[in-house]
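Chains, contacts and geometry: an overview
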Amino acid sequence: MIDGVELRHLRYFLAVAEELHFGRAAGRLHIAQPALTQQIQRLETLLGTRVFDRTSRSVALTPAGEVLRERAAAILGHATRDLDEVARIGQGSQGRLYLGFVPSVLPLKPLRTVRQFRDRYPLVQIDLIEGYTTHMMAQLGHGALDMAIVRDPDDQPDTVAFPLVTEPFMAVLPVDHPLADHAALTGPDLADDPLVFFPRAAGSHAHDKNLRPLVEAGYRPRIVQEGNNWTTILYLVGEGLGVTIAPRSATFTAPQTVRIVPLTETAATTTVYVAHRVDDDRALVRNFLALLPKDDARASDREVAQWQA
């Protein structure tokens, strides 16, 4: 746009071009007619050409004015749409959100917030990225993710994490295991069994918390097989390769070849967190956080049943 030409000049011009009468256009714009005349003259000076042929009896568009009428409408239309988009992005109702998650949170409420968020903010594109807690926190730290829903994360510089759901651990055994029919088990009950487990690289803090029912009883875990996710681990247990200790929600989709038994005599629990960068105060992030069920209490049996439904 030519230096000095402002959007208000184009709005004034369009009002006159549509009314072809300075008095009516001034009334429509709620400004004095001399002021409108002055602004049109200023526009013509900036453009270096007349846009209206004016006489004491009539106002008509010049050929340049005819072109400007078409272009001014388009310019104002684009400006309105662009400024509206900027406002929506600033308000967090438009844009793109990169959300990481660990697969074990799929049955829980926090990830269900994605659908609620999409319903409320349909112009926001949410990209879901699956991975280990360690990987999610690392990507969050260097900006590849905006937020992450993770389990028992290690400390990550420049990030903050809020607890969402805390739940107990369960023992998972093959159906033909001698203890499979017990109503409850303790860590020492599993001490002699080989373990199928996830790699420590997935998250050292989570790894330690999962093994706490054994370690706190004074036993050294004997891991004989690793799996990259809980689905794999549970199926390997079902094939008789060992037993495991899993978050309760991770057992919701367990195969019929395993038995899920509550663990007692342990205070060990696992917690799901939402994490984001400390300095990320964008409305997009705040809007998603506002929808999350921030509850650090233990997940009740009733809530578990609802999550499974």
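Just above sits the structure.
Let me sum up the structure you'll find in this document. Being a predicted model, the structure only gives us computed values, none of them experimental.

Notes on unusual backbone geometry
Outside of glycine, negative phi angles account for most residues, and trans bonds account for most peptide bonds. Notably, Asp-152 is not glycine yet its phi reads approximately 45°, a positive angle. Residue position: Asp-152 is located in the loop between β5 (147–151) and β6 (159–174). On the basis of relative accessible area, Asp-152 is assigned to the buried category, the value being 1%. The phi angle at Asp-158 is positive, at roughly 65°, despite the residue not being glycine. Here Asp-158 shows up in the loop between β5 and β6.

Overview of the layout of surface pockets
Approximately 410 Å³ is the volume attributed to the largest pocket. In terms of lining, the largest pocket is formed by 22 residues, of which the most central are Val-102, Pro-103, Ser-104, Asn-229 and Trp-230. Mapped by element, the contributors of at least two residues to the lining of the largest pocket are α7 (204–215) and α8 (230–238). With 3 residues, the single largest contributor to the lining of the largest pocket is α8.

Concerning the pattern of salt bridges
All chains considered together, the criterion is met by 16 salt bridges. Residue Arg-277 is joined to Asp-146 by a salt bridge in which the shortest nitrogen-to-oxygen separation is 3.8 Å. Of this pair, Arg-277 sits in strand β11 (residues 269–277) while Asp-146 sits in the loop between α6 (133–141) and β5; the two residues are 131 residues apart in sequence, bridging distant segments of the chain. For Arg-277, a relative accessible area of 15% gives the class buried. For Asp-146, a relative accessible area of 7% puts it in the buried group. A salt bridge links Asp-208 to Arg-200, with the nearest nitrogen and oxygen atoms 2.6 Å apart.

What counts, and where the lines are drawn
- As a convention, each chain's residues are numbered from 1 in the sequence order in which they are written.
- Local features in a predicted model are, by the rule used here, given only for residues with pLDDT of at least 70; side-chain atom pairs are given and counted only at 80 or more, and totals for whole chains, interfaces and linings are based on all residues.
- The basis for the side-chain values is all heavy atoms of the structure; hydrogens and waters are excluded.
- Secondary structure follows DSSP: runs of H or I at least 4 residues long count as helices, runs of E at least 2 residues long count as strands, and numbering of each begins at the N terminus.
- Residue exposure (1.4 Å probe, protein chains only): buried if accessible area is under 20% of the type maximum, exposed if over 50%, otherwise partly exposed.
- Only protein atoms enter the 1 Å grid used here, on which a cavity is any set of points holding a 1.4 Å probe that cannot leave and a pocket is any open set flanked by protein within 12 Å on both sides along at least five of seven lines; residues with an atom within 4 Å of a point are listed as lining.
- Grid points are joined across faces, edges and corners, and a volume is the space filled by probe spheres set on the points.
- We define a salt bridge as a contact between a side-chain nitrogen of Lys or Arg and a carboxyl oxygen of Asp or Glu at a distance within 4 Å.

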